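Listed below are the residues making up each chain.
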Amino acid sequence: MWTHKTRGRMAAIAKKTKRYPSDLTDEEWERIAPLMPKPGRTGRPREIDFREVINAVRYLVRSGCGWRMLPVHFGPWRTVYGWFRELARRFLFQTIHDIELMLDRERSGREASPTAAVIDSQSVKAPQAQTRGYDAGKKIVGRKRHIAVDTDGRLLMVNLTPADISDSAGAQMILAAIRQRWPWVKHLFADGAYDRLMLMDKAAYLDFIVEIIRRSEQQKGFAVLPRRWVVERTFGWMMRWRRLVRDYEKRIDVSTAMIHVAMGGILIRRNAHP
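The rules we used
Residues numbered from 1 in each chain as written. Predicted model: local features only at pLDDT ≥ 70, side-chain atom pairs only at ≥ 80, totals over all residues. Heavy atoms only, no water. Core = buried A, V, L, I, M, F, W, Y, C linked by side-chain atoms within 4.5 Å. Buried < 20%, exposed > 50% of the residue type's maximum accessible area, 1.4 Å probe, protein only. Contact = heavy atoms within 4.5 Å. Axes fitted to C-alpha atoms, helices over the stretch in contact; angles between N-to-C directions. Helix = DSSP H or I, 4+ residues; strand = E, 2+ residues; numbered from the N terminus. Parallel < 35°, antiparallel > 145°, perpendicular 65-115°, else oblique. Nonpolar A, V, L, I, M, F, W, Y, C, P; charged D, E, K, R; others polar. Left-handed = near helix turned anticlockwise from the far one by under 90°. Phe/Tyr/Trp six-rings, centres within 6.5 Å; stacked < 30°, edge-to-face > 60°. Lys NZ or Arg CZ within 6 Å of the ring centre and 35° of its normal. Pairing = 2+ DSSP bridges.

A. Representation of the nonpolar core. Counting 47 residues, the largest nonpolar core has Val61 and Leu70 as the members making the most contacts within it. In this view, valine 61 contacts Trp241, Arg242, Arg243, Leu244, Met258, Val261 and Ala262; residues no more than four positions away in its chain are not counted.

Structure (structure tokens):
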């Protein structure tokens, strides 16, 4: 439940936005403006306002609207979409997210690079995906999001697959990526679905320790499991960005960029308005 203090803070931030709650405040824009592409030395001067492009993308992901439904004051939707694809191709949204993640960890008194992570997956419907699969357990046709988060729930890694890929197979795909991007991670927490020989062998080869958090056999109904609740909360944060309730994107790289826009947006606001 939100306290009066939390509501007051949210209201104060909302006053700083230009039009919509998803708009960047001046403090937030100052944090990411240096990361925007620099204009070329030759050719016609660039007229695009990158702040408005980022505002438009954040509005789309937060509200769940389509590209053609963007409000006209953001500019032509084709221009916004074109620059979104270009910035995604440059991994700008991922870069912003990872920088803000490390700064948020330092702000909370932790080391910038995590040493432990929690892994889990989420199946979502993906009506426009080029390749889809059927998750028999969740009875969903679509994609599966395999994610790793730190012990506070910050997103470290995401890998998208058809929904019929098992949790353990999807985790194998992200282990090497975790080791490359977050080299200090040693300890992984997971549920019983990840207790598979091939996954454990690959984890050992990459110098990971995997701890399986099991549900008690005597447990009845819902119960909070140590570490596991953290990753479930991260999925809850994603669902507040309505474009992520389903996977509407045809391409996996576009869908991944949408996730980084959302999770990066949370971290930017948290760091800019502590």
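Here the narrative resumes.
B. Representation of the packing of helix 8 (residues 228–239) against helix 9 (residues 252–272) in the model. One way to put it is that helix 8 packs onto helix 9 with a least axis distance of 10 Å and a crossing angle of 100 degrees. With respect to their mutual orientation, helix 8 and helix 9 come out roughly perpendicular. Counting all contacts with helix 8, which are made through Thr234, Trp237 and Met238, the residues of helix 9 involved are Ile259, Met263, Ile266 and Arg270. Split into classes, the residues belonging to the contact of helix 8 with helix 9 amount to five nonpolar, one polar and one charged.

C. Quick look at the packing of helix 5 (residues 92–107) against helix 9. Where helix 5 contacts helix 9, the two axes come as close as 8 Å, and the packing angle between them is 35 degrees. Both helix 5 and helix 9 take part in a crossing whose hand is left-handed. Note on element contacts: helix 9 touches helix 5 through Ala257, His260, Val261, Met263, Gly264, Leu267, Ile268, Arg270 and Asn271, opposite Phe93, Gln94, Ile96, His97, Glu100, Leu101, Leu103, Asp104 and Arg107. Per-class residue counts for the contact of helix 5 with helix 9 are nine nonpolar, five polar and four charged.

D. Expanded view of the packing of aromatic side chains. In this structure the tally under the stated criterion is seven aromatic pairs. Ring geometry for tyrosine 59 versus phenylalanine 74: centroids 5.6 Å apart, planes at 55 degrees, classification tilted. Of this pair, tyrosine 59 sits in helix 3 (residues 50–63) while phenylalanine 74 sits in the loop between helix 3 and helix 4 (77–89), and the two are 15 residues apart along the sequence. Note on phenylalanine 74: relative accessible area 6%, which makes it buried. Seen from their ring centres, phenylalanine 84 and phenylalanine 93 are 5.6 Å apart, and the 35 degrees between their planes marks the pair as tilted. Note on accessibility: phenylalanine 84 and phenylalanine 93 belong to one class, buried. Chaining the aromatic ring pairs together yields one cluster made of Trp67, Tyr81, Phe84 and Phe93. Just above the ring of tryptophan 241 sits the side chain of arginine 62; from NZ or CZ to the centre is 5.6 Å.

E. Broad picture of the pairing of strand 4 (residues 155–162). Counting buried residues in strand 4 gives seven out of eight residues, a clear majority hidden from the surface. As defined by bridge partners, strand 3 (residues 140–149) adjoins strand 4 across seven bridges and the pair is classed as antiparallel. Residue pairing across strands places isoleucine 147 opposite valine 158, the latter belonging to strand 4. Where strand 3 hands over to strand 4, the hairpin turn is made up of five residues, of which glycine 153 adopts a positive phi near 100 degrees.

All we've got here are geometric facts, nothing functional implied.
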